[in-house]
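Structure at a glance
Here are the chains, one letter per residue:
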Amino acid sequence: MPDNAAEVTAAGIARLAGVGRAAVSNWRRRHADFPKPVGGTETSPTFALGDVERWLRAQGKLAEVPLRERVWQLLTGHPAGGAAALCQVGAVLMLVRDRPAVWHRLSEGTDDQLAEMLPVALAPALTARLGEAHPVHLPDAAGLGPTVPLLRGAAELAADLGPREAYAFLLDRHLDANLRQYTLTPPAPAALMAALAGLVPVERAATSPGGKGAPGGPGGPDGTAAGGRAAGAQSVGAQAAGEQSAGEQAARERAAGSVLDPASGTGGLLGAAGSAVSVYAQERDPDLAALTALRLALDTDAPVRVAGGDSLRADAFPGLAVDAVVCHPPFNERNWGHDELAYDPRWEYGFPARTESELAWVQHALAHVRDGGTAVLLMPPAAASRRSGRRIRADLLRRGALRAVVALPAGAAPPYGIPLHLWVLRRPGAGQPAAPHVLLIDAAAAVAAPAEGPAAPGATTPAPAAHGAVAPSPGRGKLPWQTVHTTVLDAWHAFDRGGAAPERAGVCRVLPVIELLDDDVDLAPARHLPPPAAGGGVAELAAVRDRLTATLTRTAELTPAAPARPRAEEPAADRRPMTTVGELARAGALVLKSGTTAAGGSVPVLTEQDVLAGTGPTGPAGGAAEGDEPVLTEPGDVVVPLIGGGTVARVVDESTAGAALGRNLSLLRPDPEALDPWFLAGYLRGSANQRQASSYASTATRLDVRRLRLPRLPLADQRRYGERYRTLAAFEESLRHAARLGEQLVRGLYDGLADGTVEPH
């Protein structure tokens, strides 16, 4: 790739060299020949990428810039901005994929010749793939000139990864770097919505909750279940006619169909929808519309039609009827077109109030599915109960259009602080009787409900939520999506197949429509589900009490004896010879590793919160940062959190071994012939040790593991100390487990006394 005028920040230089930002600041101060800033601000200067690379190589700090990193730096330094650069890159990658001979011929020319010929070559390629009215607008030859080095680099990256994967990498990294500018649908709820819409096979929907590939999942860059298929016209039409006997086997054999997302954003929902026969999308942000078009064009061989503009005010696909609609509409919009759309024919179920923009999107979706077609929308919980929308909700129920409401746990999708809902709708067929029942599911209650059977020692067993209350959620990034998917899809497929689903107290219920048609027409699932037994029932409360009693007995047995004074012949602690973790690492007595894992792979992640709470790995399956292999834990490793100032050092056991090390964690792997792991972990936890090895920023405390100290002792003495530390760790875990059981017992007794299932005696 030729040199160019791309600029890079200090953080980018740190990534190139594999060091921290502090090292870059030191280089600037200590080396007079370090490249001078060429842009940016005084507090955040930028440097010429080519000059930086040459300086790093001359200093022996960089053998070769990784291709991915170089292309990314070229993209971020593009004068027109990252979104415009991605549009140009995506168009060229589509040319590389669909017309490789044309690209090969063009790339053999000079940069000026390539910029001159690209517009002529790209125009027919884009039209053939995206239609005449596509949203991808590219500059002329003069405008493409500064982008040529980036385009050549992207094509080179595509030769290594493939055009689709190369574009996914750049797009996902751009989205991650600009999270505040976009409202993204995370891959796990996107996969669930696609499954509810019938766009993926049953077996795939039941087993693939969606991971992250930044931000993607198994099979695709956006959590797509590669190879998934959409519901076909004939199958969906038969269901609309009341022939709900196809079952799971028929669902596996459905032909692919057409799908629309009228508020597509970056195309994440359509990416999760599998390989449909045809894909339609509309997005009012012109840059996002172009990015979505290119993303989908590279993801699938199906015809892709993407339009810019506001779907409510300027529908780009009037008269279009697809097999399925999936949509994450904007929430709480007042200026959605209430005044100018009063007589729009889409309002079959009532004219939405100004405050009910979400119900306008619901009716827009129903207007674009054919008879028997399915629409799945991600909705705010207020849309299920606001009085201003009760008439429309009532008509949706009376006419059988609303088939299910699913309450997701808080943290499932933005805004992460509230438990969003999924509405599953089906357009009624002409002359067909209205469906008499609706399915209500509270997935948050399923996540919070205790598992059946006795809890394992040390396992967290949360108490179920009180009836009508919002169930507690593990929070953003920690939801057990496999449980959510299984709970929702098992109930939905049973209900869709035969009109009934097994009732689960507090979790799932099939309700007659007539019971919801009161003055409020409140569709919030928690308000209509049968209350679970307090604390899991009287028998469960008794079992919790028995476990608590046994745990307290064990805790008493583990209580340490009174501390003894050191023998006179032993040297005082402050006179023992000391060493540091850094010295031990240099001597080969231990190996020091840092966690760099982000969500998105096949290995569970041990997070900072897991280490602090003493639990197993709860992070979503993860893969390491670009160019790195994940750091996998082994028995005997010592894991230390780096941020927060806590005195915690955890020895990895068999239950935690094999997990990927998460961010903000440091792993110490001692040589068992030189260091005892429990001795190492115990001394690292000392308060004085932590204080002297910590540094303080404006908002956090960070631990420098290499500065942690421990005494030089023979291995036999280390093991004597290590055994005592191991006993203290067992005592600490027993206390933690007793606290969890006590909390569950108290919560269950409060609930039982309140609802009458427990007598006050």
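The residue count restarts for each chain, going from 1 along the sequence in the order it is written. Where local features are concerned, this predicted model is filtered to residues with pLDDT of at least 70; where side-chain atom pairs are given and counted, the filter is 80 or more; whole-chain, interface and lining totals use all residues. Processing note: side-chain calculations cover all non-hydrogen atoms of the structure and skip hydrogens and water entirely.

Moving on to the overall build of the chain. Segments assigned H or I by DSSP are reported as helices when at least four residues long, segments assigned E as strands when at least two residues long, and all are numbered from the N terminus. Helix and strand content of the chain: 26 helices and 23 strands. Each residue gets one of three labels from its accessible area relative to the maximum for its type: buried under 20%, exposed over 50%, partly exposed in between, using a 1.4 Å probe on protein chains only. In the chain, buried positions account for 52% of the 761 residues. Long-range contacts, defined as pairs at least 24 residues apart, comprise 73% of the intrachain contacts of the chain with a sequence gap of at least 6. Accessibility throughout is a Shrake-Rupley quantity obtained with a 1.4 Å probe, and a residue counts as covered only by protein chains that appear here. Total accessible area on the chain stands at roughly 33,300 Å², and carbon and sulfur atoms take up 53% of it. It only takes one pair of heavy atoms within 4.5 Å for two residues to be counted as in contact.

Let's shift gears to the packing of helix H11 (residues 187-196) against helix H20 (residues 481-498). Working convention: axes come from line fits to C-alpha atoms, limited for helices to the stretch in contact. Angles between N-to-C directions cover 0 to 180 degrees. Packing of H11 against H20 leaves a shortest axis separation of 11 Å and a crossing angle of 15°. Regarding the angle of H11 to H20, the classification is roughly parallel. Here H11 and H20 pass one another in a crossing that is right-handed. Seen from H11, the contacting residues are Ala188, Pro189, Ala191, Leu192, Ala195 and Leu196; seen from H20, they are Trp481, Val484, His485, Val488, Leu489 and Trp492. Its residues placed into classes, the contact of H11 with H20 shows 11 nonpolar, 1 polar and no charged. Should an angle fall under 35 degrees it is called roughly parallel, over 145 degrees roughly antiparallel, and 65 to 115 degrees roughly perpendicular, with every other angle called oblique. The handedness criterion is simple: a crossing whose near helix is rotated anticlockwise from the far helix by less than a right angle is left-handed, and one whose near helix is rotated clockwise is right-handed. Each residue gets one of three labels, nonpolar for Ala, Val, Leu, Ile, Met, Phe, Trp, Tyr, Cys and Pro, charged for Asp, Glu, Lys and Arg, and polar for the others, Gly among them.

A score between 0 and 100, pLDDT records how confident the predictor is in each residue. With 81% of its residues at a pLDDT of 70 or more, the chain has an overall mean of 81. A low-confidence stretch, residues 450-473 (pLDDT under 50), is modelled with 49 contacts involving residues beyond four sequence positions or located in other chains. Note on residues 622-627: pLDDT is under 50 here. Beyond four places in sequence and across chains, it has 20 contacts.

Turning our eyes to something else, we now look at the packing of aromatic side chains. Each Phe, Tyr or Trp ring (for Trp, its six-membered ring) is paired with any other whose centre lies within 6.5 Å, and the angle between the two planes then decides the class: stacked below 30 degrees, edge-to-face above 60, tilted in between. All told, the structure shown has 11 aromatic pairs when counted by the stated rule. For the pair phenylalanine 34 and phenylalanine 47, a centre-to-centre distance of 5.7 Å together with 85° between the ring planes defines the contact as edge-to-face. Of the two residues, phenylalanine 34 is situated in the loop between helix H2 (21-30) and strand E2 (39-40) and phenylalanine 47 in strand E3 (residues 45-48); the sequence distance between them amounts to 13 residues. Neither residue differs from the other here; phenylalanine 34 and phenylalanine 47 are each classed as buried. Among the aromatic side chains, those forming a connected cluster through ring pairs are Trp27, Phe34, Phe47 and Trp55.

In a pair of packed helices, the angle between the axes and the distance between the axes together describe the arrangement. Packing of helix H7 (residues 111-130) against helix H9 (residues 148-161) brings their axes to within 10 Å, and their N-to-C directions diverge by 85°. In terms of axis orientation, H7 runs roughly perpendicular to H9. Listed contacts from H9 to Asp111, Leu114, Ala115 and Leu118 of H7 are Val148, Leu151 and Arg152. Here the residues of the contact of H7 with H9 sort into 5 nonpolar, no polar and 2 charged.

Further remarks concern the sheet that holds strand E17 (residues 638-641). Pairing is antiparallel across the open sheet formed by 4 strands, whose spatial order is E14-E20-E17-E18. In the strand order of this sheet, the two ends are held by strand E14 (590-594) and strand E18 (650-651), each with one partner. In this structure, E17 lies alongside E18, joined through 2 bridges in antiparallel fashion. The residue bridging valine 639 from the neighbouring strand is arginine 650, located in E18. Across the sheet, helix H24 (residues 677-684) is in contact with E14, E17, E18 and strand E20 (665-670); its angle to E17 comes to roughly 15°. When DSSP finds at least two bridges between two strands, those strands are taken to pair.

A separate point is the side chain of serine 357. With respect to the secondary-structure elements, serine 357 resides in helix H17 (residues 357-367). Take serine 357: its relative accessible area is 0%, and that puts it in the buried class.

Turning our eyes to something else, we now look at the nonpolar core. For soluble globular proteins, nonpolar side chains are generally found buried alongside one another. In these notes, a set of buried Ala, Val, Leu, Ile, Met, Phe, Trp, Tyr and Cys residues joined through side-chain atoms within 4.5 Å is what counts as a nonpolar core. The biggest cluster of nonpolar side chains holds 118 residues, and the ones touching the most others in it are Leu118, Tyr167, Leu192, Leu196 and Leu439. Ranked by the residues each element gives to this core, the list is headed by helix H5 (residues 82-98), at 10 residues. Setting aside its immediate chain neighbours within four residues, leucine 439 contacts Arg403, Ala404, Val405, Ala491, Trp492, Phe495, Ala501, Cys508, Arg509 and Val510. Judged by nonpolar contacts, the second largest core, of 43 residues, contains Ala307, Phe317, Val322 and Cys327.

What follows concerns the sheet that holds strand E5 (residues 278-283). Spatially, E6-E5-E4-E7-E8-E10-E9-E11-E12 is the arrangement adopted by the 9 strands of the open sheet, whose pairing is mixed. Whereas interior strands pair on both sides, the edge strands pair on one side only; in this sheet they are strand E6 (304-308) and strand E12 (508-512). For this sheet, the mean angle separating the axes of adjacent strands, direction not counted, is 15°. Sheet strands touched by H11: strand E7 (322-327), strand E8 (369-379) and strand E10 (421-426). Its angle to E8, the strand with the most contacts, is close to 160°. Across the sheet, H20 lies against strand E9 (402-407), E10, strand E11 (437-442) and E12, angled at about 170° from E11, the strand it touches most.

Right, let's talk about the pairing of E11 for a bit. Among the 6 residues of E11, 5 are classified as buried, and the element is accordingly described as predominantly covered. Strand direction decides the pairing type here: E9 and E11, joined by 4 bridges, are parallel. When the bridges of E11 are listed, alanine 407 appears paired with aspartate 442. Where E11 lies against E12, 5 bridges are found, and the strand directions are antiparallel. Following the sheet pairing, valine 438 is matched in E12 by leucine 511.

Another aspect to go through is the side chain of serine 311. Mapping serine 311 onto the fold places it in the loop between E6 and E7. Side-chain atoms alone can form a polar contact between residues adjacent in sequence; in general such a contact is a pair of N or O atoms within 3.5 Å, and within protein one must be able to donate a hydrogen while the other accepts it. In terms of polar contacts, serine 311 uses its side chain to reach the side chain of glutamine 282, at 3.3 Å.

Helix length check: helix H10 (residues 163-177), at 15 residues, gives a terminal C-alpha distance of 21 Å against a target of 21 Å (1.5 Å per residue), a fit within 8%. For H10, the tally of buried residues reaches 11 of 15 residues, placing the bulk of the element in the interior. For H10, the set of buried residues is Pro163, Ala166, Tyr167, Ala168, Phe169, Leu170, Leu171, Asp172, Arg173, His174 and Leu175. Check the buried side of H10 and you find it contacts helix H1 (10-17), helix H4 (67-76), H5, H9 and helix H16 (286-299). Each helix should span, by expectation, one fewer than its residue count multiplied by 1.5 Å.

A few words now on the pattern of salt bridges. What counts as a salt bridge is simple: a side-chain nitrogen of Lys or Arg found within 4 Å of a carboxyl oxygen of Asp or Glu. Enumeration according to the criterion identifies 35 salt bridges in this entry. With a shortest N-O distance of 2.3 Å, glutamate 53 and arginine 70 are connected by a salt bridge. In this pair, glutamate 53 is assigned in helix H3 (residues 49-58) and arginine 70 in helix H4, connecting sequence segments 17 residues apart. Considered together, glutamate 53 and arginine 70 belong to a single accessibility category, that of buried residues. The closest approach of N and O atoms between aspartate 395 and arginine 399, which form a salt bridge, is 3.8 Å. By relative accessible area, which is 34% here, arginine 399 ends up partly exposed. Salt bridges sharing partners connect three or more residues here, namely Glu348, Asp371, Asp395, Arg399 and Arg427.

The next subject is the environment of glycine 153. Assignment of secondary structure puts glycine 153 in helix H9. Given a relative accessible area of 0%, glycine 153 falls into the buried group. Glycine 153 sits 86 residues away from leucine 67 along the chain, and the two C-alpha atoms are 7.6 Å apart.

This next bit is on the environment of proline 436. Its place among the elements puts proline 436 in the loop between E10 and E11. In this structure the C-alpha to C-alpha distance between proline 436 and leucine 397, which are 39 residues apart in sequence, comes to 8.5 Å. The contact partners of proline 436, leaving out residues within four places of it in the chain, are Leu511, Pro512 and Val513.

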